[in-house]
Amino acid sequence: MGENRQALEHEDGIVWTEDIERFDYVRQSVELSVSTRRRPVPWSGSGRRIGYAVLRLDAPSGDVPGKFIRRVFWVKDYDRSEQPNGTYERSAPSEAVDPRTVAPGVWGEITERAWGEPLPEA
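Here's a quick rundown of the structure.

The rules we used
Residues numbered from 1 in each chain as written. Predicted model: local features only at pLDDT ≥ 70, side-chain atom pairs only at ≥ 80, totals over all residues. Heavy atoms only, no water. Helix = DSSP H or I, 4+ residues; strand = E, 2+ residues; numbered from the N terminus. Contact = heavy atoms within 4.5 Å. Polar contact = N/O pair within 3.5 Å; in protein donor to acceptor, adjacent residues only side chain to side chain.

### Examining the environment of R38
Mapped onto the elements of the fold, R38 is located in the loop between β2 (26-34) and β3 (48-55). Residues R38 and D12, spaced 26 residues apart in sequence, show a C-alpha to C-alpha distance of 9.0 Å. Residues contacting R38, with those up to four places away along its chain left out, are D12, Y52, V54, L55, R56, L57 and R70. Separated by 3.0 Å, the side chains of R38 and D12 make a polar contact. Polar contacts involving the side chain of R38 include one to the main-chain carbonyl oxygen of L55, which spans 2.6 Å.

Structural data, given as structure tokens:
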């Protein structure tokens, strides 16, 4: 998933609901129709929400009135944090980012820690 500048534009903070030190990576995605700027982003996807971005109080709605574009961070049951010797022992899913690289207005990045070994050559 590529960077979504519109999702970053009005961010005011990142709320982690779990200690990110236990995660080499989290999945980063953008929710396009959240009905709140600051309350937790509802999560009905597979896996577990680990964090979410909060917006400035004056952040405008997205394309739909009263709906906001927000980032959410999450893990699936088979991610490395849940199954250290599983599918992603030495790799990471395409939407993975190192949570230590996430900040308001900053798209998270993949790092060697997140990948689980030296990054493949581009």
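### Topic: the environment of D77
Note on placement: D77 falls in the loop between β4 (68-75) and β5 (96-97). Through-space distance from the C-alpha of D77 to that of I110 is 20 Å; in sequence the pair is 33 residues apart. Excluding anything up to four places from it in sequence, D77 contacts E82 and Q83.

### As for the environment of R113
Tracing the backbone through its elements, the reader meets R113 in helix α2 (residues 112-115). Separated by 31 residues in the primary sequence, R113 and E82 place their C-alpha atoms 16 Å from one another. Those residues in contact with R113 that sit more than four places away from it in its chain are E21, D24, R80, D98 and R100.

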